[in-house]
Amino acid sequence: MRLANIVDRFALITPDDQAVDVSRASGGRFSPRIQDCYERWDELLAAAPDLHRAQGRPLTEVRPHEVGNPAPQPRQVFAIGLNYADHAAEAGLAVPEDLTVFTKFASSLTGPYGTIALPPGTVDWEVELVVVLGRGGRNIPAETAWDHVAGLSVGQDLSERTMQSAGPAPQYSLAKSFPGFGPIGPFLVTPDEFEDPDIIELSCSVNGEQVQKGTTASMVFPVPEIIARLSRVATLLPGDVIFTGTPPGVGVGRSPQRFLAPGDELVTAIEGIGEMRHRLS
Ligand code: ZN
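Residues numbered from 1 in each chain as written. Predicted model: local features only at pLDDT ≥ 70, side-chain atom pairs only at ≥ 80, totals over all residues. Heavy atoms only, no water.

**Some remarks on the packing of aromatic side chains**
Right, so step 1: Counted by the stated rule, this structure contains four aromatic pairs.
Right, so step 2: Residues Phe178 and Phe181 carry aromatic rings whose centres are separated by 5.1 Å and whose planes lie at 55° to one another, so their mutual orientation is tilted.
Right, so step 3: On the basis of relative accessibility, which here comes to 22%, the residue Phe178 falls in the partly exposed class.
Right, so step 4: Three or more aromatic residues joined by ring pairs form one cluster here, namely Phe10, Tyr38 and Trp41.
Right, so step 5: Of note, Arg2 hangs over the ring of Phe187, and the distance from its end group to the ring centre comes to 4.7 Å.
Right, so step 6: Against the face of Phe243 rests Lys104, its NZ or CZ located 5.6 Å from the ring centre. (Phe/Tyr/Trp six-rings, centres within 6.5 Å; stacked < 30°, edge-to-face > 60°. Buried < 20%, exposed > 50% of the residue type's maximum accessible area, 1.4 Å probe, protein only. Lys NZ or Arg CZ within 6 Å of the ring centre and 35° of its normal.)

Structure representation (structure tokens):
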């Protein structure tokens, strides 16, 4: 099943890319507010086949300018650093023995298309698989962790490297939370749509040149292990967002280093989900 945020309402996306508004097709049984749908994820999953078949279902074309972030109101945003060994190496850091966790503050989240303003400094790209939770919990075993995932989306963990590395301790959370630094989209795809949800290709390009290409099979902590370890500490909640880390190829790890400039076009893509397209200004 694929879903999308269409003008701030949840929509099921048909195989031929038509949108079925969840709230209208259910006769108001489900709220148009996307976060409310995550709170009732199991019910929504059960109802989805009927919503697809609903008589007189309100079908609309998916227009890119109407597509937003499919997880727009998370109560918690987790982000995992150094989760690919080759990326840790290019950052000159050791592969961590436990999760390296920070947040991207919710105000940094944005949709899959549009313009992002560059603040002063050195802004870098990081393609990431984004996990959105449908069921929360504590002490979730890795063996059943995929059952807690509502869906997967494409994420970009934009990072201002100068602030990130200044000071005695890393400033990951703040340096990765400028407005627009957390794009997510264009679709939320349920894990069952993937041949193997632990092996997904992801890539990123700048002005048509591919700068990152990797597979989630290379993660130090795969998605189920991330959920298990986070939930040993924090209570996870429906609608929570997890940025799961980036493969190698970021600008700060290049020689010479390379950062985003006004006018650049950033394309962030994940196999089986789609691609996001942003212009930097
Ligand atoms: Zn990252």
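**What to know about the coordination of the zinc ion**
Right, so step 1: Every protein donor of the zinc ion is accounted for by Glu126 (OE), Glu128 (OE) and Asp157 (OD), and the metal-donor separations fall at 1.9 to 2.1 Å.
Right, so step 2: Here the donor residues of the zinc ion are spaced in sequence according to E-x1-E-x28-D. With Glu128 in strand S11 (residues 127–133) and Asp157 in the loop between strand S12 (149–156) and strand S13 (159–160), this residue pair connects regions lying 29 residues apart in the sequence.
Right, so step 3: Classification of Asp157 as buried rests on a relative accessible area of 0%. (Donors = N, O, S within 2.8 Å, 3.2 Å for Na, K, Ca; no water. Helix = DSSP H or I, 4+ residues; strand = E, 2+ residues; numbered from the N terminus.)

**Looking at the pairing of strand S14 (residues 182–189)**
Right, so step 1: Most of S14 sits inside the fold, with eight of its eight residues counted as buried.
Right, so step 2: Looking at chain direction, strand S8 (residues 109–110) and S14 are connected through two bridges and run parallel. Across the sheet, Thr110 pairs through a bridge with Pro183, a residue of S14.
Right, so step 3: Both S12 and S14 contribute to a ladder of three bridges, which runs antiparallel. Bridge assignment links Val154 to a residue of S14, and that residue is Gly185. (Pairing = 2+ DSSP bridges.)

**Remarks on the domain arrangement of the protein chain**
Reports of interface size often rely on the accessible area that becomes lost once the parts have come together.
Right, so step 1: Under the domain assignment used here, the protein chain contains domain 1 (2–62) and domain 2 (69–280).
Right, so step 2: The straight-line distance from the C-alpha centre of domain 1 to that of domain 2 is 26 Å.
Right, so step 3: With 14 residues of domain 1 in contact, the opposing surface of domain 2 contributes 19 residues.
Right, so step 4: Between domain 1 and domain 2, the buried area comes to about 1,400 Å², and carbon and sulfur atoms account for 55% of it.
Right, so step 5: Looking only at domain 1, the three residues that lose the most surface to domain 2 are Arg2, Gln35 and Tyr38, adding up to 41% of its buried area.
Right, so step 6: Between the two partners, domain 1 and domain 2, sit two salt bridges.
Right, so step 7: Taken together, domain 1 and domain 2 are joined by seven residue pairs in polar contact (both at pLDDT 80 or more).
Right, so step 8: For the side of domain 1 that touches domain 2, the elements supplying multiple residues, two or more each, are strand S1 (2–6), strand S2 (9–13), helix H2 (34–39) and helix H3 (41–53).
Right, so step 9: Of the residues in the side of domain 1 that touches domain 2, the class split is eight nonpolar, two polar and four charged. (Domains from an automatic or database assignment. Contact = heavy atoms within 4.5 Å. Buried area = accessible area lost by both parts, 1.4 Å probe. Salt bridge = Lys/Arg side-chain N within 4 Å of Asp/Glu carboxyl O. Polar contact = N/O pair within 3.5 Å; in protein donor to acceptor, adjacent residues only side chain to side chain. Nonpolar A, V, L, I, M, F, W, Y, C, P; charged D, E, K, R; others polar.)

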